[in-house]
Amino acid sequence: QVQLVESGGGLVQAGGSLRLSCAASGTIFSITTMRWHRQAPGKQRELVATITSGGYTNYVDSVKGRFTISRDNAKNTVYLQMNSLKPEDTGVYYCNLWSPTARRSSWGQGTQVTVSS
């Protein structure tokens, strides 16, 4: 069974940085597509960043140039480096894993990010 454990959230001032981590177990991590989503209070969950098994990355326009998604297959971990944070980046950040073998999507429990102005 796939398990995802996020960490690294917290409270930061605008302009600051945070690095989120998501450790995966129970799957062949290297062949998965990993995504970070976020959900702000009162809003729908949105896709923030994607990284494929081949290292292709994609970002929502609002975070381009500020956020970087990366993965370490040796550690079964995906990261989201968030720089120049803005109050509108506040929300719960969720890690998502897509397994092409199981053809299933799995979610972490989420980690809170709060950016104060």
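The rules we used
Residues numbered from 1 in each chain as written. Predicted model: local features only at pLDDT ≥ 70, side-chain atom pairs only at ≥ 80, totals over all residues. Heavy atoms only, no water. Helix = DSSP H or I, 4+ residues; strand = E, 2+ residues; numbered from the N terminus. Rg over C-alpha atoms; globule rule 2.2 N^0.38 Å. Disulfide = S-S within 2.5 Å. Buried < 20%, exposed > 50% of the residue type's maximum accessible area, 1.4 Å probe, protein only. Pairing = 2+ DSSP bridges. Axes fitted to C-alpha atoms, helices over the stretch in contact; angles between N-to-C directions.

A. Region of interest: the overall build of the protein. A count of helical and extended segments in the protein gives zero helices and 11 strands. Along the protein, from the amino end to the carboxyl end, the secondary structure elements read β-β-β-β-β-β-β-β-β-β-β. What you see for the protein is a C-alpha radius of gyration of 13 Å, in line with the 13 Å of a compact globule of 117 residues. Along the three orthogonal principal directions, the C-alpha set of the protein runs to about 45 × 25 × 25 Å.

B. Representation of the state of the cysteines within the structure. On inspection of all chains with the given rule, the structure shows one disulfide. For Cys22, the disulfide goes to Cys95, at an S-S distance of 2.1 Å. Judged by the sign of its S-S torsion, about -80 degrees, the cystine formed by Cys22 and Cys95 is left-handed. Taken together, the residues span a long stretch of sequence, with Cys22 in strand E3 (residues 18–25) and Cys95 in strand E9 (residues 91–99) at a distance of 73 residues. For the pair Cys22 and Cys95, one class covers both residues: buried.

C. Region of the structure containing the sheet that holds strand E7 (residues 67–72). With antiparallel pairing, four strands are arranged side by side in an open sheet as E1-E3-E8-E7. In this open sheet, the two edge strands, each paired with only one partner strand, are strand E1 (3–7) and E7. Taking each pair of neighbouring strands and ignoring which way they run, the sheet shows an average axis angle of 15 degrees. Two elements, E7 and strand E8 (residues 77–82), share six bridges in a ladder whose sense is antiparallel. Note that in E8 the partner of Ser70 across the bridge is Tyr79.

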